[in-house]
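# Inside the fold
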Amino acid sequence: MKTVHNFNAGPCVLPKVAIESAINAIRDFDGTGVGLLEISHRTAGWERIMAETEQLWKDLLKIPEGYRVLFLGGGASTQFCNVPMNLLNKKAAYLVTGVWAKKATKEAKNFGEVEVVASSEDKTFNYIPKGYTIPTDADYFHITTNNTIYGTEIHKDIDCPINLVADMSSDIMSRPVDVSKYALIYGGAQKNVGPAGVTFVIVREDVLGKVQRTLPTMIDYRTHFDAKDPRNNSMFNTPPVFSIFVMHETLKWVKDLGGLDVMYKMNLEKAALLYNEIDRNPMFIGTAEKEDRSLMNICFVMNKGHEDKEEAFMTFAKERGMVGIKGHRSVGGFRASTYNACPIESVKALVQCMQDFEKLKA
Ligand SMILES: *Cc1c(COP(=O)(O)O)cnc(C)c1O
């Protein structure tokens, strides 16, 4: 097979061991002679995978008592409405740091008053607003910790006087997180924890059941856990078994490497390599404010005077095996996503490619 360096933004590169394990499980799950996609989700083998996956989340993120970890369908986008339906009585506050945050805001408006506390749309979302005031009369404050399209990230778990809700689709498991600072964390799996098809929700139980509206059964988070019989957790209906299995294997890989402290160190190292090259190489320039630069999505464009070489660099990089480095159309240029499973060798190859291009074209 051709050597490629996969920088896709999502779905994206997954650990090789998780893929191999999934292939084997599709043929024969757990030594049963029946494939993963053909078993009943009410078998002991599958219940063990569910329980272990939940435990891996709890261990890796050191999730405190009082929180539930749920695996649902519908993607992060469905949570844009599930969150307000479950938590919004009167008013919610939103930080608008990108298109995903904007979409979340739009959905919340269907269920109550929404205060946008700050937005970075004035500069194509190339920074994280600071110095804003969180209204204490809101039911929750919603943030997007990593802005996948623009390459900005909220690096610290913020102090929030009200319930803090975070879309962590694209930086979950990339660094240690103080879960106790959040009332709810959600995201699609397909950037750092698995393939598309499963959505994670970590919710503090005491924030639920406080809204006046009638919740459809599937929308109510409380439907998806069962205090009496944890075997029913995230199994009110048929769970996306394949996606959860690959997530299980992916998180096992994270744990085997040493957990989130190690992951974070590796991610810092990869990002530093690429940002250093962007800053050093006169042909390229980064698009995000330096202090808000994402460790996961690294965005850059051709520098002034080199704008006409964008196509040429794209072709040059493709020939060297770079995949998925085209920037989102709203930012242009290039975006290299360096998620957990992106090996440092790929980042080194991209840096080499940028240096070779400079020698050729400068
Ligand atoms: C990808 C992404 C989403 C959308 O996720 P889906 O699972 O496709 O709905 C939402 N928020 C952020 C930050 C993302 O990166």
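Residues numbered from 1 in each chain as written. Predicted model: local features only at pLDDT ≥ 70, side-chain atom pairs only at ≥ 80, totals over all residues. Heavy atoms only, no water.

Within the span of helix α4 (residues 99–108), buried status applies to Ala101, Ala104, Thr105 and Ala108. The buried side chains of α4 occupy one side of the element, clustering within an arc of 100 degrees when seen end-on. The inward-facing, buried residues of α4 abut α3 (75–87), β3 (91–96), β4 (113–119), β5 (140–144) and β9 (184–188). (Buried < 20%, exposed > 50% of the residue type's maximum accessible area, 1.4 Å probe, protein only. Helix = DSSP H or I, 4+ residues; strand = E, 2+ residues; numbered from the N terminus. Arc of directions from axis to C-beta. Contact = heavy atoms within 4.5 Å.)

Our next topic: the site of the ligand. Among the 14 residues in the neighbourhood of the ligand, the closest are listed as Ser77, Thr148, Asp167, Gln190 and Lys191. Within the side chain of Thr148, one N or O atom sits 2.4 Å away from an oxygen atom of the ligand. Measuring from an oxygen atom of the ligand, one finds a side-chain N or O atom of Lys191 at 2.7 Å. Protein coverage of the free-state accessible area of the ligand, which is 390 Å², stands at 87%. It is α3 that contributes the most residues to the shell around the ligand, 4 residues altogether. Looking at the shell around the ligand residue by residue, the class counts come to 3 nonpolar, 9 polar and 2 charged. (Near = heavy atom within 4 Å. Polar contact = N/O pair within 3.5 Å; in protein donor to acceptor, adjacent residues only side chain to side chain. Areas by Shrake-Rupley, 256 points an atom, 1.4 Å probe, with all protein chains shown as cover. Nonpolar A, V, L, I, M, F, W, Y, C, P; charged D, E, K, R; others polar.)

Turning our eyes to something else, we now look at the sheet that holds β4. Strands in a sheet are paired, the pairing made by backbone hydrogen bonds, and the direction either parallel or antiparallel. Strand order in the open sheet formed by 7 strands is β2-β10-β9-β8-β5-β3-β4, with mixed pairing between adjacent strands. Every other strand in the sheet has two partners, leaving β2 (67–72) and β4 as the edge strands with one partner each. Each strand of the sheet is rotated relative to its neighbour by a mean of 15 degrees, with strand direction disregarded. Note that strand β8 (residues 163–167) and β9 share 3 bridges and pair parallel. Along β9, the bridge assignment pairs Asp167 with Tyr186. (Pairing = 2+ DSSP bridges. Axes fitted to C-alpha atoms, helices over the stretch in contact; angles between N-to-C directions.)

Looking now at empty space enclosed by the protein. Tallying each qualifying case throughout the model produces 1 cavity of 30 Å³ or more. If you trace the largest cavity, you find it lined by Val13, Leu14, Pro15, Lys191, Asn192, Thr250, Trp253, Asn340 and Ala341. Residues that form the lining of the largest cavity fall into these classes: 5 nonpolar, 3 polar and 1 charged. (1 Å grid on protein atoms, 1.4 Å probe; cavity = no way out; pocket = protein on both sides within 12 Å on 5 of 7 lines; lining within 4 Å. Points joined across faces, edges and corners; volume = space filled by probe spheres on them.)

For the rest of this paragraph, the subject is the nonpolar core. Counting 87 residues, the largest nonpolar core has Trp46, Trp57, Leu61, Phe141 and Phe313 as its most contacted members. Here this core takes 8 residues from helix α5 (residues 241–257), the largest share from any one element. Here this core spans two domains, since at least three of its residues come from each of domain 1 (16–257) and domain 2 (259–361). Ignoring sequence-local partners within four residues, the contact set of Phe313 consists of Phe284, Phe300, Met302, Ile325, Phe334, Leu350, Cys353, Met354 and Phe357. Counting residues in each nonpolar core, the second largest holds 23 residues, with Ala92, Ala104, Leu184 and Val201 among its members. (Core = buried A, V, L, I, M, F, W, Y, C linked by side-chain atoms within 4.5 Å. Domains from an automatic or database assignment.)

This paragraph deals with the pairing of β4. Bridging between β3 and β4 involves 6 bridges; their strand directions are parallel. Bridge pairing in β4 places Ala92 opposite Val114. Handedness of the β-α-β unit built from β3, α4 and β4 comes out right-handed. (Right-handed = clockwise from strand over helix to strand, strands pointing away.)

Attention now goes to the pattern of salt bridges. Where charged atoms from two side chains of opposite charge approach closely, those side chains can pair. Inspection of every chain in the model, using the stated rule, returns 22 salt bridges. Note that Lys290 is salt-bridged to Asp279, the shortest N-O span being 3.9 Å. Linking Lys290 in the loop between β11 (284–286) and β12 (297–302) with Asp279 in helix α6 (residues 260–280), this pair joins segments that are 11 residues apart in sequence. Of the residues examined, Lys290 reaches a relative accessible area of 56% and is grouped as exposed. Here Arg320 makes a salt bridge to Glu319, at a shortest N to O gap of 3.8 Å. Using a relative accessible area of 60% as the deciding quantity, one classes Glu319 as exposed. (Salt bridge = Lys/Arg side-chain N within 4 Å of Asp/Glu carboxyl O.)

Taken residue by residue, a regular strand's side chains alternate between the two faces of the sheet. Of all 6 residues in β2, 6 are buried, a share of seventy percent or more. Direction of pairing for β2 relative to strand β10 (residues 199–204): antiparallel, over a ladder of 6 bridges. When the bridges of β10 are listed, Tyr67 appears paired with Arg204.

Moving on to the packing of helix α1 (residues 16–27) against α5. The interhelical angle for the contact between α1 and α5, taken along N-to-C directions, is 140 degrees, at an axis separation of 9 Å. One way to sum up the angle between α1 and α5 is to call them oblique. Where α1 crosses over α5, the handedness of that crossing is right-handed. Note on element contacts: α5 touches α1 through Phe242, Phe245, Val246, Glu249, Thr250 and Trp253, opposite Val17, Ala18, Ser21, Ala22, Ala25 and Ile26. Within the contact of α1 with α5, the residues separate by chemical class into 9 nonpolar, 2 polar and 1 charged. (Parallel < 35°, antiparallel > 145°, perpendicular 65-115°, else oblique. Left-handed = near helix turned anticlockwise from the far one by under 90°.)

Our next topic: the layout of surface pockets. The computed volume of the largest pocket comes to approximately 560 Å³. As for the largest pocket, its lining consists of 25 residues, and the residues nearest its centre are Val13, Leu14, Lys16, Ala341 and Pro343. Listing elements by their share of the lining of the largest pocket, those giving two or more residues are β1 (5–6), α1, α6 and α8 (344–361). Of all the elements, α1 adds the most residues to the lining of the largest pocket, at 4 residues. For the lining of the largest pocket, the residue count by class is 14 nonpolar, 5 polar and 6 charged.

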